[in-house]
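Remarks on the overall topology
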Amino acid sequence: MARRPRTAKKLAQRIELSYFQRPQPLRRWRFILSVAFPALALLWLAVAGLSKNRTPYSMGAVSAPHALFGQKCSACHVADTVSFRHPVTDQACLACHDGPIHHADQEFTPSCSSCHVEHQGRIRLTAVRDVSCTQCHANLSTRFGAPHFVRTVLSFARHPEFAPLRADFKDPGTIKFNHSVHLVAGLIGPGGRHVQIACDDCHRPGTPRGSWPYGAPGVENITFSGGAQYASQQVATPSSFHPTTAMQERAELAYMAPPTYANTCFSCHALQFDARFPDSVPHDKPEIVHAFLVENFQKYIAAHPGAVREPAALPRLPGQPVVQNVHAVTREEWITEQVATAEDLLWRKTCAECHALNFSGGNSLPAIAPSRIATHWLPHANFSHDAHRMVTCVSCHASVASSQLTSEVNLPSVRVCQECHAARASAAPAGCFECHTYHDWSQEKVYPGKFSLRDLLKSSRNVVAQPPVAELIRR
Ligand code: HEC
Ligand code: HEC
Ligand code: HEC
Ligand code: HEC
Ligand code: HEC
Ligand code: HEC
Ligand code: HEC
Ligand code: HEC
Ligand code: HEC
Ligand code: HEC
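Residues numbered from 1 in each chain as written. Chains lettered and ligands numbered in written order. Predicted model: local features only at pLDDT ≥ 70, side-chain atom pairs only at ≥ 80, totals over all residues. Heavy atoms only, no water.

Thoughts on helix α10 (residues 331-350)
Given a rise of 1.5 Å per residue, 20 residues ought to cover 28 Å, and the 26 Å separating the end C-alpha atoms of α10 matches this to within 8%. Every buried residue of α10 is accounted for by Trp334, Ile335, Gln338, Val339, Ala342, Glu343, Leu345, Leu346, Trp347 and Thr350. If you follow the buried residues of α10, they end up packed against α9 (286-303) and β3 (357-358). (Helix = DSSP H or I, 4+ residues; strand = E, 2+ residues; numbered from the N terminus. Expected span 1.5 Å × (residues − 1). Buried < 20%, exposed > 50% of the residue type's maximum accessible area, 1.4 Å probe, protein only. Contact = heavy atoms within 4.5 Å.)

Have a look at this one:
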């Protein structure tokens, strides 16, 4: 079959010459829209401009604490007359609040906005990314000399072991205490009863709740006001651990108060000195104990003049012979002798069971070493027992049950924390800022406010999603 020839004329006949004259809905809309959109945008800008609404130029809502003046771009963006840009400066932030530096010996100071990222909506401004910290801590160096701290911290998953759990660290406490002896079932308690002692019979946070089962009568409501006792000499080095007010308020519940004799040892370890006296000596300085003994023996001899011929009635163990040394004549000699006998028992045995006594210095009375029971073991991080109430004490302090010496450290290893704090969705948070403070708030300067109410409020008139003023004040 022969092919039909394709001539130019035949092809031209196929083209509709009136195409562009005929009205077409699609094209018309394209035209209308291409004019209408810029017009609308200009109108929006004009209306926004007239009403001082700066949202059109912004990248996204500012954080909640700054939302009040989110429209006042110039509060943070300072016009730079040379580049015609409006960069964010640290000075702009410092007009309202301080952000004191981390350490005097840091090699450079990152800008505020490199850590506190804005225009991300209502995020936590203080939730800074790890890279804000690891920019220095991946390979720490300082302006003066070698760093005092581990040089490489890359993430919490690869976090170094805590200092008190590294080699050669000893509990500085001087009270002799053996956890394993006391934690057994059937321990002999007050009045010979068999008891099972629990951690919170001795360890409670700053504000104790309830009464102390082994405390002296009337000590139920003693609160701990002794201040922080640090375990580590390392604290002498610069530290950024300076709690903010909110942390201080919670600090009462965060750390355990040191156990005291009156709250936790009293009813099992009485300080008896002589079987003729029902009372114990006061748990106090040897000078006060001495004065107490002298006064009590004076009263006794006044009431029992015949007692000058009685021997000292020491509390003694069954099977021990009764000491007989009857020779005293005057009351004064009798008192001196009785006091000396009682003190010999107290200093060598009763007090020495728990204390290190120092007889040096030419004093007739011993000195008791300061107890130094630490309340803050990890001063370079924040920790809260209250936030971990859901787990048993021994899940973190596993070694306590077998611990025999005060010098042992029974704190949890970083591995225990890593079981829960990890960069997984189903885990507790593991960002550096969760546990550490960056700013050294002890150096904080307070600046007087420089904006008027009009300055701040008028510019944000048009913002819809403002938190109520009451909420801002609460923050
Ligand atoms: C509370 C302080 C604050 C306010 C108020 C604020 N910004 Fe920002 N803005 C920032 C910070 C911080 C950055 C990040 C700057 C950086 O990366 O150095 C930023 C970045 C920007 C950027 C990206 C360009 C750049 O400079 O990096 C634009 C655009 C911007 N802001 C616009 C606005 C506009 C428009 C307003 C007013 C509606 C506004 N901002 C209000 C803090 C603020
Ligand atoms: C006009 C005053 C003003 C300016 C400018 C300002 N802030 Fe704030 N900022 C506040 C107020 C008010 C609060 C809430 C009260 C507080 O925590 O002190 C706040 C809170 C914060 C918080 C704590 C947020 C929280 O969740 O607790 C951070 C972080 C912060 N600002 C960083 C910055 C940074 C970085 C800049 C500079 C880009 C800046 N601010 C600029 C007034 C200002
Ligand atoms: C290396 C990152 C980093 C830099 C740089 C930084 N901050 Fe912070 N900022 C933090 C972290 C982490 C927190 C939360 C823990 C704390 O209080 O240190 C915080 C907390 C704050 C708070 C909240 C305090 C509160 O009441 O809870 C303010 C306000 C603040 N910074 C302001 C500033 C200012 C102003 C600057 C700049 C001069 C600045 N920050 C620079 C990391 C940084
Ligand atoms: C500009 C560098 C730099 C940045 C950024 C930085 N650090 Fe540091 N950091 C240092 C220096 C320097 C020291 C002190 C070293 C010394 O004195 O030996 C230090 C010490 C520390 C210490 C131990 C002492 C202390 O203050 O308690 C901790 C914990 C710490 N930084 C955590 C952080 C966290 C968390 C961040 C991020 C929010 C951060 N650092 C960001 C430089 C930095
Ligand atoms: C009869 C009172 C008593 C009981 C019960 C008791 N403790 Fe203690 N605990 C003390 C005394 C006193 C100290 C201080 C002396 C020392 O460091 O051993 C102490 C110190 C500690 C310390 C800090 C020093 C160290 O050894 O690391 C931890 C942690 C601790 N106890 C955990 C526990 C846990 C967990 C339990 C329960 C399983 C418990 N304790 C039960 C009296 C008690
Ligand atoms: C069963 C154990 C125990 C016995 C026995 C004991 N103490 Fe204590 N003592 C403690 C504990 C625990 C502390 C620390 C907390 C406190 O103040 O109760 C302490 C603290 C002290 C302090 C204060 C030390 C400081 O930190 O400055 C003095 C003084 C003291 N005891 C004197 C004595 C004297 C004197 C005796 C004997 C008469 C004695 N204690 C017997 C457990 C005991
Ligand atoms: C529920 C009664 C009870 C309480 C409370 C108690 N103890 Fe004891 N403690 C005992 C008994 C019983 C023994 C003798 C255990 C043994 O030798 O098997 C003992 C023994 C000791 C010893 C000698 C330990 C050894 O290694 O043999 C010391 C030191 C001691 N307690 C200190 C304390 C201190 C300090 C407190 C308060 C923080 C305290 N105890 C609270 C019942 C108690
Ligand atoms: C999530 C782990 C965890 C749990 C659960 C836990 N602790 Fe601790 N504990 C710690 C850490 C971490 C420290 C060191 C805190 C510091 O001083 O910096 C500590 C310290 C202590 C101290 C020394 C004083 C102090 O506060 O620093 C005592 C005593 C103590 N814990 C007792 C207990 C008792 C009792 C329980 C149960 C009611 C308990 N802990 C539950 C982790 C834990
Ligand atoms: C879950 C809590 C937690 C997280 C998350 C965490 N740390 Fe720590 N960090 C601690 C504790 C607790 C210590 C012990 C503090 C002490 O010894 O006083 C510590 C110690 C440190 C030290 C001092 C080390 C030494 O002993 O010389 C540095 C530096 C440090 N952390 C940096 C970081 C950095 C950077 C990050 C983020 C990558 C981070 N940490 C994340 C809890 C945490
Ligand atoms: C049983 C799991 C578990 C273990 C083990 C654990 N944590 Fe936590 N931790 C949590 C949870 C859950 C929270 C609450 C998280 C939140 O508030 O978003 C938390 C909160 C915290 C906080 C914030 C406290 C506050 O007041 O907001 C710090 C700091 C912290 N943990 C440190 C530690 C350290 C240090 C260890 C190891 C000694 C540890 N955690 C071990 C589960 C755990």
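Notes on the coordination of the iron atom of ligand 4
Protein-derived coordination of the iron atom of ligand 4 comes from His102 (NE2) and His137 (NE2), at a distance range of 1.9 to 2.0 Å. One can describe the site at the iron atom of ligand 4 as octahedral: its six donor atoms subtend angles covering 87 to 179° at the metal. Within this pair, whereas histidine 102 is found in the loop between α3 (90-94) and α4 (112-115), its partner histidine 137 is found in helix α5 (residues 131-137), the two being separated by 35 residues in sequence. Since its relative accessible area comes to 17%, histidine 102 is described here as buried. Residue histidine 137 is classed as partly exposed on the basis of its relative accessible area, which comes to 25%. (Donors = N, O, S within 2.8 Å, 3.2 Å for Na, K, Ca; no water. Tetrahedral: all angles 85-135°; square planar, octahedral: opposite > 155°, others 65-115°.)

Some points on the coordination of the iron atom of ligand 10
Protein-derived coordination of the iron atom of ligand 10 comes from His388 (NE2) and His421 (NE2), at a distance range of 1.9 to 2.0 Å. Here the iron atom of ligand 10 is ringed by six donor atoms whose angles at the metal span 87 to 180°, and the overall shape comes out octahedral. Separated by 33 residues along the polypeptide, histidine 388 in the loop between β4 (367-368) and α11 (393-396) and histidine 421 in the loop between α12 (414-420) and α13 (432-435) bring together distant segments of the chain.

Comments concerning the site of ligand 9
Neighbouring ligand 9 are 21 residues, the closest being Val150, His159, Cys432, Cys435 and His436. Histidine 159 has a polar side-chain atom sitting 2.8 Å from a nitrogen atom of ligand 9. Within the backbone of histidine 380, a nitrogen or oxygen atom sits 2.9 Å from an oxygen atom of ligand 9. Class assignment for the residues of the shell around ligand 9 results in 12 nonpolar, seven polar and two charged. (Near = heavy atom within 4 Å. Polar contact = N/O pair within 3.5 Å; in protein donor to acceptor, adjacent residues only side chain to side chain. Nonpolar A, V, L, I, M, F, W, Y, C, P; charged D, E, K, R; others polar.)

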